[in-house]
Amino acid sequence: SQTIHQWPATLVQPVGSPLSLECTVEGTSNPNLYWYRQAAGRGLQLLFYSVGIGQISSEVPQNLSASRPQDRQFILSSKKLLLSDSGFYLCAWSVLSATDTQYFGPGTRLTVL
Amino acid sequence: KQEVTQIPAALSVPEGENLVLNCSFTDSAIYNLQWFRQDPGKGLTSLLLIQSSQREQTSGRLNASLDKSSGRSTLYIAASQPGDSATYLCAVRQVYGNKLVFGAGTILRVKS
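What counts and how
- Residues numbered from 1 in each chain as written.
- Chains lettered and ligands numbered in written order.
- Predicted model: local features only at pLDDT ≥ 70, side-chain atom pairs only at ≥ 80, totals over all residues.
- Heavy atoms only, no water.
- Contact = heavy atoms within 4.5 Å.
- Buried area = accessible area lost by both parts, 1.4 Å probe.
- Salt bridge = Lys/Arg side-chain N within 4 Å of Asp/Glu carboxyl O.
- Polar contact = N/O pair within 3.5 Å; in protein donor to acceptor, adjacent residues only side chain to side chain.
- Buried < 20%, exposed > 50% of the residue type's maximum accessible area, 1.4 Å probe, protein only.
- 1 Å grid on protein atoms, 1.4 Å probe; cavity = no way out; pocket = protein on both sides within 12 Å on 5 of 7 lines; lining within 4 Å.
- Points joined across faces, edges and corners; volume = space filled by probe spheres on them.
- Helix = DSSP H or I, 4+ residues; strand = E, 2+ residues; numbered from the N terminus.
- Nonpolar A, V, L, I, M, F, W, Y, C, P; charged D, E, K, R; others polar.
- Phe/Tyr/Trp six-rings, centres within 6.5 Å; stacked < 30°, edge-to-face > 60°.
- Disulfide = S-S within 2.5 Å.
- Pairing = 2+ DSSP bridges.
- Axes fitted to C-alpha atoms, helices over the stretch in contact; angles between N-to-C directions.

## Concerning the interface of chain A and chain B
Chain A puts 23 residues into the contact, and the matching count from chain B is 20 residues. In total, about 1500 Å² of surface goes out of reach between chain A and chain B, with carbon and sulfur atoms giving 52% of it. Scanning the region where chain A abuts chain B turns up 1 salt bridge. Notably, a salt bridge pairs Glu59 of chain A with Lys99 of chain B, separated by 3.2 Å at the nearest N-O pair. Inspection of the chain A/chain B interface yields 3 residue pairs in polar contact (both at pLDDT 80 or more).

## Overview of the pattern of salt bridges
Residues and elements named next belong to chain A. The final tally for this structure, using the stated rule, is 5 salt bridges over all chains. The salt bridge partner of Arg68 is Asp71, with a shortest N-O separation of 3.2 Å. The buried category is assigned to Arg68, whose relative accessible area is 3%. Since its relative accessible area comes to 22%, Asp71 is described here as partly exposed.

## Some words on the layout of surface pockets
Roughly 590 Å³ of internal volume is contained in the largest pocket. Every residue lining the largest pocket is counted, 21 residues in all, and those nearest its centre are Leu44 and Gln45 of chain A together with Lys1, Val101 and Phe102 of chain B. Of all the secondary-structure elements, those providing two or more residues to the lining of the largest pocket are strand E5 (44–52) of chain A together with strand E10 (100–102) of chain B. Of the residues contributing to the lining of the largest pocket, the split by class is 9 nonpolar, 7 polar and 5 charged. Taken as a whole, the second largest pocket holds about 280 Å³ of empty space.

## Description of the packing of aromatic side chains
Counted according to the given criterion, the structure contains 9 aromatic pairs over all chains. Note on Phe104 of chain A and Phe102 of chain B: the rings are 6.1 Å apart at their centroids and 85° apart in plane angle, and the pair reads as edge-to-face. With Phe104 of chain A in strand E10 (residues 103–104) and Phe102 of chain B in strand E10, this pair bridges two chains. Among the residues examined, Phe102 of chain B registers a relative accessible area of 7% and is labelled buried.

## Quick word on the state of the cysteines
All names here are of chain A. What the rule picks out here adds up to 2 disulfides over all chains. One disulfide bridge connects Cys23 with Cys91, the sulfur atoms lying 2.0 Å from each other. For the disulfide bridge between Cys23 and Cys91, the dihedral angle about the S-S bond is near -70°, and by the sign convention the bridge is left-handed. In this pair, Cys23 sits in strand E3 (residues 19–26) while Cys91 sits in strand E9 (residues 87–94), placing the two residues 68 residues apart along the sequence.

## Focus: the sheet that holds strand E8 (residues 73–78) of chain A
Residue and element names in this part refer to chain A. What the 4 strands build is an open sheet, ordered E1-E3-E8-E7; its pairing is antiparallel. The open sheet has two free edges, formed respectively by strand E1 (3–7) and strand E7 (64–70), since each of these has just one partner strand. Pairs of neighbouring strands in the sheet enclose a mean axial angle of 20°, with direction left out of account.

Okay, structure coming up:
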């Protein structure tokens, strides 16, 4: 069966510090991978998605970046965090199918102080 | 630009009540619509997915309907239980691309 992991589960970082969040998927090959952010009281906002190694599409211009160094690994990064980067970050995967259902990881709670 | 709205933003009901959550979207050119459940501080769990050609889907006490032409979907929960307490999110997938557009969610509390 497929599983998706995210770490860390929670993170508190000072403004201006770097960020690296990791997401890995097991039990499937060549998945589509997604990074979402959920701010308090708001819906999920798609940040990046990837259809293959090294292929990243950005949905929202910001100080975040994403990379996909391996087929089932998706990394969200920042060189300098802003207060507005605080939120709940969710990774998801899907495979090309009739439904293309997305399956979500447990999330990372990021607080920037 | 697709926009998804969920009403109400929050709902509190006594145990055993039947309830309806509403979702509306502005662009009817969707591939499918999905309802998710999110427990506090957790990821999302898919509840029901309705393809654009379908009218409804059922799973246990849950029934989701879709009226694509009017841009509406409802999630019906029968005989609500305290364990149903969570945030319910509606999301539409556009015809083109892999993007899901989410509503802000409805926070449901079922009181025992």
